[in-house]
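Listed below are the residues making up each chain.
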Amino acid sequence: MTRPWRVTTSERPTLSRRAALSALAAAPLALAACTDRAGDAPDAPAPPDPDLPPPIPRADRDAFDALCNLLLPTEPDAEGAGAIEARADEILRVDTFVPLAVAQGLLPSLPDAFVRTVERAGPDLRAALNVTLDALASSERPLARFVDLPAALKEAIVARAFDDAAQAPAFLVVRAACFTAWLGATTNDLGLRAVGFPPFEDWDDRLACSGYPRTDPKTGEVDDYTYDRAPPPTPDDDLTLVLDANGDLP
Amino acid sequence: MSLVDVAIVGSGFGGAVMAARLGAHLATGAAGARRVLVLERGDDHTGRFDARSDGGPLNAQGNRFRHTLDPAYLTRVAELFTDREAASHGGAPSMNVIAGRGVGGGSNVYCGVSLRAPTTSFEQVRDARRLWPAIYTRAALDPYYAIVERELSVHRMQWTGAPHWQLAGKRDLVFAEGCRRIGATAAPLKLACDADRNEGWWSSGQRFAGRSDLTTNYLAKALAAGVEFRTGHDVATIARSGRGYVIEGVDGRGGARAPFAIECKLLFIAAGAVASTGILLRSNDAFGGSLDPARLLGKEVSANGDYGVTGSVGPGLAVEGFKGKPMSSFCPSFWREHRFLLIPFYTEPLWLALGQPAAALRAKDPAATGRAVTEEAGGERAWGLVYKQRLRTFGERMLTMGCLAIDDGEGEIVLGRNDRADVRWRETSRETEARWSTAVTKMRAIYEALGGEMYLDGYRRHGTVSTAHPLGGCRMASRADPRGVVDENGESFANENLFVVDGAAIPSALGTNPSLTIAAVAESIADRLVRGVGTKGIAARLAS
């Protein structure tokens, strides 16, 4: 199996191979920076961990990235990928994302005018969100940028935005993009692995995991999903009174 | 305008059975050379039924599913799983419907659960009248159930001693243990599946060959019998014509929106409960109101008592619900007293994280099921590090379950904006509320008995009923007591040779997953039409 985050460099228009390789070399420090815990970083950089996703270079970070990192943070461990690594930004480039997410129940119905604005914004949506976030930051601390605010203040701003009827739709869209990227395996399977799913059997052919027995190529152990054993009977609950011989309710 | 002898609108469990049976019958030449056409609104994800269907190349699994952010692809997949006409978010309180789309209809999204509806489901009475026409009893349908089970390769899952593909999964054993701890019992389900083929995931990488969907059986037989298929055909209205009926709509293949009109002698509407009802609602004026003589069109729509919740079990219990089949067991212990079943199932974590069962809800009144009884628990948010860490238990410990129950047909289908069928849920009856409340209490008890916790659902929070099993809208009734839209053969009371043969015609909740019953009812109708027993035969109809 090919690790998705290693082979999708060419699918990421905003992250060059050189940038990815250079970021990989500085993985621990950059990851710590992504989580706003730079002060907790180890004194000396450890060798890059091949199981860690390549972090987003500091220079790429903006208010949008900071928002993503609040909504679905990166954690500094092997399964700690968050919205940024899952490429929430790419979801927002899909101009039909909002109506699709509404149709699937992943977003509540949003005002038509707002949906049209998002569709019209297209690739400029990220820039528009940056302006919005910086404006909200500035209302807290004049001339401050959102990315420069302390984590607690950022969180308070976002929490208020979700409660504000005018601001909420934009934040709901970004939240939906974060989780869709993370759990929808749209660009990689990092989010699914973070919640305990096994890696895709074959990312190139977009095959998820098989539920049937298979041998783990690393450990040689058979991965099974059955126990092949019957549950103990329940006293005073005789199913032969409830089901017929065919397994149906009579 | 092209002319066919038999037109079937929709290729789900009703349409597929009619296509196979009538196609095979007419292919024998019993009624001369005849042309049967199936119109399907969605695409052909198999590439076998309509060479002009959109969808791109087939992958190694023989379908057209991919992981990609291509907007056109995402639109197709979203529409396969969520039929826009069947998915309503309008109205309050509302009813959300998950509906299949594409060749195979609901079988594209079903989990293969194939239980026969119990006797009591057919014997329901409302206003002192039996809801089902007299010819439908469990005993009368049993032979047709048996036919459908053979066609769909229905197998009963097992706890032990079976081939691997027929064994229940770890999730089922955990569920069974939870049931046992509250004094109930779990049993393996009957599933439409065959041999060692993987079900896998749903919208993210599902292998569609994993179960017996209709393209592998009924529709394959129809195709072999010479039945034609046209995909991308969205039917707007029907009307009477000189030779029978004319179907009008839009052919969306190739990205075009080309109007079409097809004339037919016999017309079978089988587009699903919501879409079929929508077609009749849009067409009723052209029929002078004769499609709805009892004024019941769109009324008494059932959600089949669907009520889903999710939650996590305690540490140390490996559910691993993402492996194996999405459903393999159920708990029938409460049926006799309360008329509901409990079923554990797999749900996409994305839907759980963002969809209706928001994980941060708690009941103010744990015993209550009704609306407006929830609150955000301790300010917990559905985003941020804490929420993310909660989701990290999903892979191993997430357990979703739901009940299927008898409800009182509290749904309604009306025409909304742009003449689109809009599904609404009227106020839940006291009986349904009580049934759901008991079911939720039992499900909560199972989670707690397993050391976990239950998260609540959209119904408590918003009053939104979500169902994958809409039934009714064009309910059948007997000719002797025509309190319905169609008769016991699915035929319009006032319009000969116009039939509704899918979930729209089912007159009540079943309390079990309805695909097997919809197909069995269609088998029985096809049988009577082919043999000319209890109704005019198909050959006579085509000859006249």
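Residues numbered from 1 in each chain as written. Chains lettered and ligands numbered in written order. Predicted model: local features only at pLDDT ≥ 70, side-chain atom pairs only at ≥ 80, totals over all residues. Heavy atoms only, no water.

**Digging into the overall build of chain A**
What chain A contains, in helices and strands, is 11 helices and 2 strands. Counting from the amino terminus, chain A carries its helices and strands in the arrangement α-α-α-α-α-α-α-α-α-α-α-β-β. Restricting the contact set of chain A to residue pairs at least 6 apart, pairs at least 24 apart contribute 60%. Surface summary for chain A: the accessible area is close to 11,200 Å², and the carbon and sulfur share equals 55%. (Helix = DSSP H or I, 4+ residues; strand = E, 2+ residues; numbered from the N terminus. Contact = heavy atoms within 4.5 Å. Areas by Shrake-Rupley, 256 points an atom, 1.4 Å probe, with all protein chains shown as cover.)

**Focus on the overall build of chain B**
When you go through chain B residue by residue, the secondary structure sums to 15 helices and 23 strands. Put simply, chain B has 544 residues, and 66% of those count as buried. Taking as baseline every contact in chain B between residues at least 6 positions apart, the subset at least 24 positions apart corresponds to 73%. Only carbon and sulfur atoms are counted for the fraction: they give 50% of the accessible area of chain B, which is about 17,300 Å². (Buried < 20%, exposed > 50% of the residue type's maximum accessible area, 1.4 Å probe, protein only.)

**Some points on the pattern of salt bridges**
Under the counting rule described, the total for this entry stands at 39 salt bridges over all chains. With a shortest N-O distance of 2.7 Å, B:Lys190 and A:Asp248 are connected by a salt bridge. In this pair, B:Lys190 is assigned in strand E8 (residues 190–192) and A:Asp248 in the segment after strand E2 (222–223), connecting two distinct chains. One salt bridge connects B:Glu123 with B:Arg130, and the closest N-O pair in it is separated by 2.9 Å. (Salt bridge = Lys/Arg side-chain N within 4 Å of Asp/Glu carboxyl O.)

**Observations concerning the pairing of strand E1 (residues 2–9) of chain B**
Residues and elements named next belong to chain B. E1 sits mainly inside the fold: 6 of its 8 residues count as buried. One ladder, built from 7 bridges, connects E1 with strand E12 (residues 258–269); its direction is parallel. Its bridge partner lying in E12, leucine 3 is registered against glutamate 263. The pairing of E1 with strand E2 (residues 36–39) spans 4 bridges and is parallel. Its bridge partner being in E2, valine 9 is matched across the sheet by leucine 39. As for the winding sense of the linkage, the β-α-β connection from E1 through helix H1 (residues 13–27) to E2 is right-handed. (Pairing = 2+ DSSP bridges. Right-handed = clockwise from strand over helix to strand, strands pointing away.)

**Here's the deal with empty space enclosed by the protein**
Residue and element names in this part refer to chain A. Tallied over the full model, the rule gives 8 cavities of 30 Å³ or more. If you add up the space inside the second largest cavity, you get close to 60 Å³. Looking at the second largest cavity, the residues that line it are Leu92, Val94, Asp95, Phe97, Val98, Val118, Glu119, Gly122 and Leu125. Mapped by element, the contributors of at least two residues to the lining of the second largest cavity are helix H6 (97–103) and helix H7 (112–121). Within the lining of the second largest cavity, the residues separate by chemical class into 6 nonpolar, 1 polar and 2 charged. (1 Å grid on protein atoms, 1.4 Å probe; cavity = no way out; pocket = protein on both sides within 12 Å on 5 of 7 lines; lining within 4 Å. Points joined across faces, edges and corners; volume = space filled by probe spheres on them. Nonpolar A, V, L, I, M, F, W, Y, C, P; charged D, E, K, R; others polar.)

**Things to note about the environment of A:Leu67**
Residues and elements named next belong to chain A. Mapped onto the secondary structure, leucine 67 falls in helix H4 (residues 63–71). Counting along the chain gives 94 residues from leucine 67 to alanine 161, while the straight-line C-alpha distance between them is 12 Å. Once you skip the residues sitting within four places of it in the chain, leucine 67 turns out to touch Leu133, Phe146, Val158, Phe171 and Val174.

**Regarding the packing of aromatic side chains**
What the rule picks out here adds up to 13 aromatic pairs over all chains. Judged by centre distance (6.3 Å) and plane angle (85°), the ring pair of A:Phe179 and A:Trp182 falls under edge-to-face. Here the residue A:Phe179 and the residue A:Trp182 both occupy positions in helix H10 (residues 168–183), the gap between them amounting to 3 residues, near one helical turn. Exposure class is identical for A:Phe179 and A:Trp182. Each is buried. Joined through ring pairs, the aromatic side chains of A:Phe162, A:Phe171 and B:Trp383 make up one cluster. The ring of A:Tyr227 carries the charged tip of A:Arg229 above its face, separated from the ring centre by 4.6 Å. (Phe/Tyr/Trp six-rings, centres within 6.5 Å; stacked < 30°, edge-to-face > 60°. Lys NZ or Arg CZ within 6 Å of the ring centre and 35° of its normal.)

**Focus on the pairing of strand E10 (residues 233–240) of chain B**
Residue and element names in this part refer to chain B. Bridging between E10 and strand E11 (residues 245–251) involves 7 bridges; their strand directions are antiparallel. Residue pairing in the sheet places aspartate 234 in a bridge with valine 250 of E11. Hairpin remark: E10 followed by E11, antiparallel, with 4 residues in the connecting loop; positive phi at glycine 244, about 160°.

**Observations regarding the sheet that holds strand E13 (residues 307–312) of chain B**
Think of a sheet as strands paired side by side through backbone hydrogen bonds, with each pair either parallel or antiparallel. All names here are of chain B. Overall, antiparallel pairing links the 4 strands, which are arranged E15-E18-E13-E21 in an open sheet. Two strands in the sheet have a free side with no partner beyond their single neighbour: strand E15 (340–345) and strand E21 (453–455). Between one strand and the next, the sheet's axes are offset by a mean angle of 30°, whatever the strand orientation. Alignment of E13 against E21, held across 3 bridges, turns out to be antiparallel. Looking at the pairing, glycine 311 lines up with methionine 454 of E21. Across the sheet, helix H12 (residues 430–449) lies against E13, E15, strand E18 (398–405) and E21, angled at about 155° from E18, the strand it touches most. (Axes fitted to C-alpha atoms, helices over the stretch in contact; angles between N-to-C directions.)

**Let's talk about the confidence of the model for chain B**
Residues and elements named next belong to chain B. For chain B, the average pLDDT comes to 86, and 84% of its residues sit at 70 or higher. Note on residues 83–92: pLDDT is under 50 here. Beyond four places in sequence and across chains, it has 35 contacts. Overall, residues 357–361 carries pLDDT values under 50, and its contacts beyond four positions in sequence, including any with other chains, amount to 20 contacts. (pLDDT = per-residue confidence, 0-100.)

**Some words on H12(B)**
With 20 residues, H12(B) should cover 28 Å at 1.5 Å per step; its first-to-last C-alpha distance of 28 Å lies within 8% of that length. In the stretch just after H12(B), B:Gly451 is the one whose phi turns positive, near 75°. (Expected span 1.5 Å × (residues − 1).)

**A closer look at the nonpolar core**
By size, the foremost hydrophobic cluster in this structure holds 82 residues, and its most contacted members are B:Met18, B:Ile247, B:Leu267, B:Phe268 and B:Leu280. If one sorts the elements of this core by residue count, helix H14 (residues 515–531) of chain B sits on top with 9 residues. For B:Phe268, the residues in contact, after removing those within four places along its chain, are B:Val6, B:Ala7, B:Ile8, B:Val9, B:Met18, B:Leu22, B:Phe499, B:Val501, B:Leu529 and B:Ile538. Among the nonpolar cores identified, the runner-up in size contains 72 residues, and A:Ala63, A:Phe64, A:Ile84 and A:Val98 belong to it. (Core = buried A, V, L, I, M, F, W, Y, C linked by side-chain atoms within 4.5 Å.)

**A look at the packing of helix H9 (residues 151–163) of chain A against H10(A)**
Residues and elements named next belong to chain A. Orientation of H9 relative to H10, taken along the N-to-C sense of each, is 115°, at an axis distance of 7 Å. Regarding the angle of H9 to H10, the classification is roughly perpendicular. Viewed along their axes, H9 and H10 form a crossing whose handedness is left-handed. Side by side, H9 and H10 meet where Val158, Ala161 and Phe162 of the first sit next to Ala168, Phe171, Leu172 and Arg175 of the second. Taken together, the residues of the contact of H9 with H10 sort by class into 6 nonpolar, no polar and 1 charged. (Parallel < 35°, antiparallel > 145°, perpendicular 65-115°, else oblique. Left-handed = near helix turned anticlockwise from the far one by under 90°.)

**Side note on the environment of A:Leu70**
Mapped onto the elements, A:Leu70 comes out in helix H4. Judged by its relative accessible area of 11%, A:Leu70 is buried. Between the alpha carbons of A:Leu70 and A:Val118 there is a distance of 21 Å; along the sequence they are 48 residues apart. Apart from the residues lying within four places of it in its own chain, the contact partners of A:Leu70 are A:Phe146, A:Ala151, A:Lys154, A:Glu155, A:Val158, B:Trp383 and B:Gly384.

**Brief notes about the side chain of B:Arg541**
Residue and element names in this part refer to chain B. Within the secondary structure, arginine 541 is located in helix H15 (residues 538–543). The exposure class of arginine 541 is buried, given its relative accessible area of 3%. A distance of 2.7 Å separates a polar atom in the side chain of arginine 541 from a polar atom in the side chain of asparagine 497. Excluding residues within four positions of it along the chain, arginine 541 makes contact with Leu266, Glu491, Glu496, Asn497, Phe499, Leu529, Thr535 and Lys536. (Polar contact = N/O pair within 3.5 Å; in protein donor to acceptor, adjacent residues only side chain to side chain.)

**Things to note about H14(B)**
Residue and element names in this part refer to chain B. Between the first and last C-alpha of H14 there are 24 Å, a value that for 17 residues agrees with the 24 Å anticipated at 1.5 Å per step. The element H14 is largely enclosed, with a buried count of 14 among its 17 residues. Once H14 finishes, glycine 532 follows within two positions and takes phi at roughly 65°, a positive value.

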